[in-house]
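Analysis of the macromolecular model
Spelled out, the chains give:
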Amino acid sequence: MADVSGSELSEEKEAEIELKKRQKRPWDELHKSGKIGITPDLPETLGFYDISAVRRREQREAADPSLTRFISAELTRGYFLEHNEAKYTERRERVYTCMRIPKELEKLMTFGFFLCVDAFLYVFTLLPLRVLLAVLRLLTLPCCGFSGSRLLQPAQVCDVLKGLIMVLCFSMMHYVDYSMMYHLIRGQSVIKLYIIYNMLEVADRLFSSFGQDILDALYWTATEPKERKRDSIGVIPHFFMAVFYVFLHAILIMVQASTLNVAFNSHNKSLLTIMMSNNFVEIKGSVFKKFEKNNLFQMSNSDIKERFTSYVLLLIVCLRNMEQFAWNPDHLWVLFPDVFMVVTSEVAVDIIKHAFITKFNDITADVYSEYRASLAFDLVSSRQKNACTDYSDSVARRMGFIPLPLAVLLIRVVMSSVKVQGALSYTCVFLCYLGLVTLKVLNSIVLLGKSCVYVKRANMEDKLFETPAPPPPSSSSTSSSKTPSRAEASCPTPPGESKMEPAPVTLCSPPPSSSCSVTTQPSPRTDLFPPQPTDHSPAAPPPRTPTPTHEPEPPAPPLSKEEEEEGEGERRRRRQQQRLN
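Remember, it's a predicted structure, so these values are computed and weren't measured experimentally.

Scanning the chain from N- to C-terminus turns up 21 helices and 2 strands. Evaluated residue by residue, the chain yields a buried proportion of 33% over its 581 residues. The contacts in the chain between residues at least 6 apart in sequence include a share of 81% that link residues at least 24 apart. By element, 62% of the accessible surface of the chain is carried by carbon and sulfur atoms, the whole surface being about 38,100 Å².

Here it is, written out as structure tokens:
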């Protein structure tokens, strides 16, 4: 035992001595293994550890030159970025996101731009033909006989109203002198014009937001079923409100185009520069605000509408200038630098604004593909037979782009700039109309194909074919409460708007245990039996049902309410007497 304890003590002493040696000279084992490890006792010099640095540091500490040691430490100090790997990886992903923003944003802008082109060309090409078909239907009703409760379909009524609004507003625009308005604006100072242009932009947004509500109110008032109780002021007041709105909005856009034309024709181009710098002020007002995905979607739609409107304004300015110079093609090259500056500033401001908004709000670049799929969903759903609205109206609600005022102004400018005289001129106008129809059809086909692809990529095609189950026979109260849900079910909505709509479970008429498919048939006579209790454990036997083996006793005659109350009171008195006994 003494030998064993002595050997253990000697081993412990040797271990302590070895530990002290390692603490004094920690690099001995590193020389033996041929590797330099990372230890806190060894100083680092630009990413590697040096043993001789320890000796040099001890010598410097002995001399203790503090300033020299500080400067040397600053020059040779190193650090390791992998110690905070997650942070630097996130910063790199942000840079990559900012690099992807221009590509993804321009994809969305291009798709939205052609959506606006499709809705704008619809006013010039298909809307006159639809109005003509509706008028022919009205004229042929006495010959063909009246069948049904409506003279015209709701879509035809809306088309006729749009046509009447455009005709009335175009006739009213003839009394507005574009040249006088141009010279009136040209006589103002630069600062006044800058303020006027900013006020016009704000007014244009306000008019667009409220104008579609006025038009929707008119369409619904004109097509509302007669059997319903109407709480409106009538179709004619709504119609005059819509005409007044479209006329005022067209005048507003005309003043905006005249201001831009004055900026183009100014000698020093100072007004145009100030107006373009106004776009960069928009960055300051939007970049440093908190944005959610829905807010960014609304701002993206507004940017699409503004870009398309600015292109139409540039077209109007070029038409007016080319008319003044007798359609000289050389003058078009004079206008090209200014047009290029306006377009470039619009694109640059949109890219910078969206890049920093996504950076500050931690939004990925993939969100723009979701926005594009949502716009595509609107297009595809509007082409279905049970669509709730026309496609141009859905674009107006989504983007705030109302094509009627812009179309009225463009027709007014074109007819005042281009003189149509003779049979050859009318032939050219007809050929131009055919070209616009061809462009509209091709654009619609390409957009519909692209929209189907985007909807399929986003896995949203199932919502297009959702059909509500037929409502079960119930009382009038339940049927009236389920009427709005059926109306909403006929119009599918994209997933981005699911928060504001009722849950789709309310559309299913069977109980929650059954599926919500249209093909599923309810089991017969289920409403005649009470529901089975669900609180028993699965191991317990199911409740026994009465068997018809024993003859049932003859049923007692039904008791009246007074007899039931007397019997109940008698039973209570008996219970009280039993408790007292």
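In this section: the UniProt feature "transmembrane region" (unreviewed entry) in the chain. If you check UniProt for "transmembrane region" (unreviewed entry), the listed places come out as residues 164-185, 235-255, 401-418 and 424-448 in our numbering. A helix fraction of 100% and a strand fraction of 0% characterise residues 235-255, whose end C-alpha atoms lie 30 Å from each other. A distance of 36 Å separates the end C-alpha atoms of residues 424-448, which is 100% helix and 0% strand.

Let's shift gears to the packing of aromatic side chains. Aromatic ring pairs are described here by two measures, namely the spacing of the ring centres and the angle between the planes. One pass over the full model with this rule turns up 15 aromatic pairs. Ring centres of F111 and Y454 lie 5.3 Å apart, and the angle between their planes is 80°; on these two criteria the pair is classed as edge-to-face. Of this pair, F111 sits in helix α5 (residues 85-124) while Y454 sits in helix α18 (residues 423-457), and the two are 343 residues apart along the sequence. Of the two residues, F111 and Y454, both sit in the buried class. Each ring, one from F297 and one from Y371, has its centre 4.7 Å from the other, and the planes form 20°; the classification is stacked. One end of the pair, F297, is in helix α13 (residues 293-324); the other, Y371, is in helix α15 (residues 367-382), and 74 residues separate them in sequence. Here Y371 falls in the buried class, since its relative accessible area comes to 6%. Pairwise contacts between aromatic rings join F113, F114, F120, F124, F308, Y311 and F401 into one cluster. The cationic tip of K87 hangs over the ring face of Y88; the distance from NZ or CZ to the ring centre is 6.0 Å.

To continue, consider the side chain of S300. Structurally, S300 is set in helix α13. Classification of S300 by relative accessible area gives buried; the value is 0%. Discounting chain neighbours no more than four positions away, the residues touching S300 are L108, M109, H354, Y368 and Y371.

Let us look at the layout of surface pockets. Gaps left between atoms are located by rolling a probe of water-molecule size over the structure's atoms. Taken as a whole, the second largest pocket holds about 1,000 Å³ of empty space. In terms of lining residues, the second largest pocket is bounded by 25 residues, among which F124, L410, V414, C432 and L436 are the most central.

Next up on the list: unusual backbone geometry. In this structure, D362 takes a positive phi of about 55° despite not being glycine. As for its placement among the helices and strands, D362 is situated in the loop between α14 (329-360) and α15. Judged by relative accessible area, D362 falls into the exposed class, the value being 56%. The backbone of N459 shows a phi angle near 55°, a positive value even though the residue is not glycine.

Turning next to the environment of S451. Within the secondary structure layout, S451 lies in helix α18. Accessibility expressed as a relative area gives 0% for S451, which makes it buried. Taking the C-alpha atoms as reference points, S451 and D378, 73 residues apart in sequence, are found 9.0 Å from one another. With residues near it in sequence (within four places) discarded, S451 still touches F111, A376, L379 and V380.

Taken together, the side chains of W327, V414, V418, V420, Y426 and V429 present a nonpolar region at the surface, about 510 Å² in accessible area. Here V420 lies in the loop between α17 (403-417) and α18. Taking the relative accessible area as the measure of exposure, V420 reaches 34% and is therefore partly exposed.

So, about helix α11 (residues 235-265). Its 31 residues give α11 an end-to-end C-alpha distance of 45 Å, which sits within 8% of 45 Å, the value for a rise of 1.5 Å per residue. Taken across its 31 residues, α11 has 23 buried, putting it largely inside the fold.

Positive charge collects at one region of the surface, where K103, K107, K450 and R457 lie side by side. Contributing elements (two or more residues each) for the positive patch: α5 and α18. Mapped onto the elements, K107 comes out in helix α5.

Turning to the side chain of S417, a few remarks are in order. Within the secondary structure, S417 is located in helix α17. Polar side-chain contacts of S417 include one of 3.4 Å to the side chain of E323. Those residues in contact with S417 that lie beyond four places of it in its chain are L319, R320, E323 and W327.

To continue, consider the confidence of the model for the chain. On average, residues of the chain carry a pLDDT of 75, and 70% of them reach 70 or more. Across residues 498-552, confidence stays below pLDDT 50; counting only partners more than four residues off in sequence or on other chains, it has 15 contacts.

Conventions we followed
- Residues numbered from 1 in each chain as written.
- Predicted model: local features only at pLDDT ≥ 70, side-chain atom pairs only at ≥ 80, totals over all residues.
- Heavy atoms only, no water.
- Helix = DSSP H or I, 4+ residues; strand = E, 2+ residues; numbered from the N terminus.
- Buried < 20%, exposed > 50% of the residue type's maximum accessible area, 1.4 Å probe, protein only.
- Contact = heavy atoms within 4.5 Å.
- Areas by Shrake-Rupley, 256 points an atom, 1.4 Å probe, with all protein chains shown as cover.
- UniProt positions renumbered as here; feature names shortened; annotations may be inferred.
- Phe/Tyr/Trp six-rings, centres within 6.5 Å; stacked < 30°, edge-to-face > 60°.
- Lys NZ or Arg CZ within 6 Å of the ring centre and 35° of its normal.
- 1 Å grid on protein atoms, 1.4 Å probe; cavity = no way out; pocket = protein on both sides within 12 Å on 5 of 7 lines; lining within 4 Å.
- Points joined across faces, edges and corners; volume = space filled by probe spheres on them.
- Patch = residues over 30% accessible without salt bridge, like charges linked within 9 Å, V, L, I, M, F, W, Y side chains within 5 Å.
- Salt bridge = Lys/Arg side-chain N within 4 Å of Asp/Glu carboxyl O.
- Expected span 1.5 Å × (residues − 1).
- Lys, Arg positive; Asp, Glu negative; His and termini not counted.
- Charge placed at Lys NZ, Arg CZ, Asp CG, Glu CD.
- Polar contact = N/O pair within 3.5 Å; in protein donor to acceptor, adjacent residues only side chain to side chain.
- pLDDT = per-residue confidence, 0-100.

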